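Fold and geometry: a report
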Amino acid sequence: MLEEEIIANGGAKPLAIVMGRLYTTRLTLVRAAGMVGCDVVLIQTQEKGYYLKTDSSSKYVTACHHCPEPDDKALVELILSYADKGRKVVLLPADDWVASVLDIHYDTLSKCCLVPHVHQQQGGILRLMDKDYQKSIAKKIGARVAEGWLCQEVNGEYQIPEGVTYPCFTKPQESYPRPLKYLQKRCDNEQELKVVLDRIPKGSHKTMLVEEFVDITQEFGVQGATFDGRAVAPAVVAKDSSRQGITATGKILPIKNMPELQAHVNAFLKETGMTGIFDMEFYINNGKLYFNEFNVRLGANGFALTYGVSNVPGLYVKYMLGEGDGTYDGPTDFEEKTFASEKVLRDFFYDKTMSMKEFKEVVRNSDILCLKHNDDNKPYKEFSKVDCILPLWRWLKEMKKKLK
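Residues numbered from 1 in each chain as written. Predicted model: local features only at pLDDT ≥ 70, side-chain atom pairs only at ≥ 80, totals over all residues. Heavy atoms only, no water.

Let's talk about the environment of Asn311
This is how it is decided: Runs of E in the DSSP output that reach at least two residues are strands. Runs of H or I that reach at least four are helices, and both are numbered from the N terminus. Contact definition: two residues touch when any of their heavy atoms are within 4.5 Å. Polar contact is defined as a pair of N or O atoms within 3.5 Å, subject to the rule that within protein one atom must be able to donate a hydrogen and the other to accept it, and that residues adjacent in sequence are counted only when both atoms are side-chain atoms.
Residue placement: Asn311 occurs in the loop between α11 (303–308) and α12 (312–320). When the C-alpha atoms of Asn311 and Val36 are compared, they prove to be 8.8 Å apart, with 275 residues separating the residues in sequence. Once you skip the residues sitting within four places of it in the chain, Asn311 turns out to touch Ala32, Met35, Val36, Leu305 and Thr306. At 2.8 Å, the side chain of Asn311 and the backbone nitrogen of Gly314 are in polar contact.

Dropping the structure here:
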């Protein structure tokens, strides 16, 4: 049903506004909200861009806009243009920048929209996005964390604190605006650390978190919803492969099979008091479980939970709409499933670490895919259009190099 028809009928269906940079996460939230009865407005926030049909072609999308970051004023104005339509509006951030904008403008947006929050107070989500603060919560609940130090800009230069050990690993303390993932790097000595710090844009006043480097034998992701700190997270994603921190393939396991991890998730969320959708990361080092980081939005492989186990993001949407108290009644015991992100696997092809034949084989043998879905098949068709030209694109690129 088109938006004009919905308004004419008295706003019969609630509206979800999905906003973010990555189309994989956006599409997960689009489908999650659509499956529980919402119409969806999609806002694509990538800086350099255009309308991406991979997610805008979903049958649940009624309108699509491009509102590039970091213009938070334009984003808020666009949201408010949908707020007075005689129906409830749920806001669903798909990346950290959008989550930060919603929290910075919480007092304004919450008057007419349903917004993620911490105790219904502006600024609570922003605090949770501070990685050093996250580690303090993890320590409080008894979870293991890597030793860390903060590097801050003083008179235009970044100072390395005393006590930093090498090798170390760098990552920005705040992930908005612009995630600066190229600054996440292992440094084996002080000189290498200085090189990373010198690459931080001058005047950005980013705080760099430097952690001791640890050998990771297994990474885990937990994605779910939280209602005033009560966590709903039925599954754990055991990661097999990834690219730039985004998981390509993995397995989905019942979280109850990992009681220590489940206890950390529940205790951590209880300390936050957050209402929203979350993503947590853990890892194994020397046989011991460590907390890595917490995100105030769904992860890129959130599709795995939405379709592979239960529509947990949809449960959050219904809770915000006043349709239930967020009680989870889905499966808690299920067979192990495999999943794959077609987008990240294609990136492997770009990097020449996977052939197109291997790509198609992994996709064919996975139980769950992040883009393909029989009840909403246009997004995958749009994604697949590129596959037929990728081998030609690579050949032309290599020929161009040879001619230089």
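Thoughts on the side chain of His117
Mapped onto the elements of the fold, His117 is located in strand β5 (residues 117–118). Polar contacts involving the side chain of His117 include one to the main-chain amide nitrogen of Gln120, which spans 2.9 Å.

Thoughts on the sheet that holds strand β3 (residues 61–66)
The test is simple: Here, strands pair whenever DSSP counts at least two bridges between them. Each axis is a line fitted through C-alpha atoms, taken for helices only over the stretch in contact, and angles between the N-to-C directions span 0 to 180 degrees.
Read from one edge to the other, the open sheet built from 4 strands follows the order β3-β2-β1-β4, with strand pairing classed as parallel. The two strands at the open ends of the sheet, each matched to only one other strand, are β3 and β4 (89–93). When strand polarity is set aside, the average angle formed by the axes of neighbouring strands in this sheet is 20°. Pairing analysis gives 5 bridges linking strand β2 (residues 39–44) to β3, with the strands arranged parallel. Each bridged residue has a counterpart across the sheet, and for Leu42 the counterpart in β3 is Cys64. Across the sheet, helix α2 (residues 23–35) lies against β1 (15–20), β2, β3 and β4, angled at about 165° from β2, the strand it touches most. Sitting on the sheet, helix α5 (residues 96–104) touches β1 and β4, and the angle it makes with β4 is about 135°.

Considerations on empty space enclosed by the protein
Rules: The way it works is a 1 Å grid over only the protein atoms, where trapped points that fit a 1.4 Å probe form a cavity and open points with protein on both sides within 12 Å along at least five of seven lines form a pocket, and then any residue with an atom within 4 Å of a point lines it. Grid points are joined across faces, edges and corners, and a volume is the space filled by probe spheres set on the points.
Summed over all chains, the structure comprises 4 cavities of 30 Å³ or more. If you trace the largest cavity, you find it lined by Leu29, Leu91, Leu92, Pro93, Pro116, Met274, Gly276, Ile277, Val296, Arg297, Leu298 and Tyr316. Taken together, the elements giving at least two residues each to the lining of the largest cavity come down to β4 and β16 (274–285).

A look at the packing of aromatic side chains
Rule in force here: Only the six-membered ring of Trp is used, alongside the rings of Phe and Tyr, when aromatic pairs are assigned; centres must lie within 6.5 Å, and planes under 30 degrees apart are stacked while those over 60 apart are edge-to-face, with the rest tilted. For every residue, the accessible area obtained with a 1.4 Å probe (protein chains only) is divided by the maximum for its type, and the residue is called buried under 20%, exposed over 50%, and partly exposed between those limits.
Per the stated rule, a full pass over the model turns up 7 aromatic pairs. When the centroid spacing of 5.3 Å and the interplanar angle of 20° are considered together, the rings of Phe268 and Phe291 count as stacked. Here Phe291 lies in strand β17 (residues 288–295) and Phe268 lies in helix α10 (residues 259–272), a separation of 23 residues in the sequence. Note on Tyr283 and Tyr290: the rings are 5.3 Å apart at their centroids and 5° apart in plane angle, and the pair reads as stacked. Tyr290 matches Tyr283 in its accessibility class, with the two residues each being buried. Among the aromatic residues, those joined into a ring-pair cluster are Phe268, Phe278, Phe282, Phe291 and Phe294.

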